[in-house]
Amino acid sequence: MPGITREEVAHLARLARLELKDEELDHFAGQLDDIIGAVAAVSDVADEDVPPTSHPLPLTNVMRPDEVRPSLTPQQALSGAPAQEQQRFKVPQILGEE
């Protein structure tokens, strides 16, 4: 497979609205060529019996089931609040009225 050319890097830079110097074009062409080669190597390793995955390790749900347990009453929770309204903490308004 032919490598990435300076012209292709310059085209990509124009599309991304990046201004690159001549030495940067050469540098990035080599880097992009290495990246494409690495992706091709991974594609060669993957076989039909290897399923595609998004993570190398199996993921499981770590959520626990909701269980009702004793907790504070609204009066207990609001007992130390400097201001309250309708069983809620009252705070200064920071946004305008809608």
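Please read these numbers as outputs of a predicted model, since none were measured by experiment. Counting restarts for each chain, with residues numbered from 1 along the sequence as it is written. In keeping with the model being predicted, local features are shown solely for residues with a pLDDT of at least 70 and side-chain atom pairs are shown and tallied solely at 80 or more, while totals for entire chains, interfaces and linings include all residues. As a convention, hydrogens and water are excluded, and side-chain values are obtained from all of the structure's heavy atoms.

Student: For this particular structure, what's the right way to read the overall build of the protein chain?
Tutor: Across its full length, the protein chain holds three helices and two strands. Of the regular secondary structure in the protein chain, the N- to C-terminal order runs α-α-α-β-β. What you see for the protein chain is a C-alpha radius of gyration of 29 Å, clearly larger than the 13 Å of a compact globule of 98 residues, by over 25%. Each principal axis of the C-alpha atoms in the protein chain carries an extent, and together these give about 75 × 45 × 25 Å. Here the protein chain holds 98 residues, and the buried ones make up 7% of them. Should any heavy atoms of two residues lie within 4.5 Å, those residues are counted as being in contact. Put simply, 26% of the contacts in the protein chain that link residues at least 6 apart link residues at least 24 apart. Entry remark: accessible area of the protein chain is about 9,600 Å², with carbon and sulfur atoms responsible for 57%. Counted as positive: Lys and Arg. Counted as negative: Asp and Glu, with His and the chain ends omitted from the count. Note that the charge is assigned to NZ on lysines, CZ on arginines, CG on aspartates and CD on glutamates. Counting 8 positive and 18 negative side-chain charges, the protein chain places the averaged centre of each group 15 Å from the other. Note on conventions: DSSP H or I runs of at least 4 residues are helices, E runs of at least 2 residues are strands, and numbering of each starts at the N terminus. Radius of gyration here uses only the C-alpha atoms, and the compact-globule reference equals 2.2 Å multiplied by the residue count raised to the power 0.38. For each residue, the accessible area found with a 1.4 Å probe, counting protein chains only, is set against the maximum for its type, and the residue is called buried under 20%, exposed over 50%, and partly exposed in between. Only the protein chains shown count as covering a residue, and every accessible area follows the Shrake-Rupley method with a 1.4 Å probe.

Student: Whenever I open this one, helix α1 (residues 6–15) confuses me. Can you help?
Tutor: Structural remark: α-helix, 3.6 residues per turn; residues separated by three or four positions point the same way. Every buried residue of α1 is listed here: Val9, Ala10 and Ala13. All buried residues of α1 fall inside an arc of 100° around its axis, so they share one side. Exposed residues pointing more than 90 degrees away from the buried face of α1 are listed as Glu7, Arg14 and Leu15. Arg17 occupies a position one or two residues after α1 and carries a positive phi of about 55°. As used here, the arc is the angular range of directions from the helix axis to the C-beta atoms.

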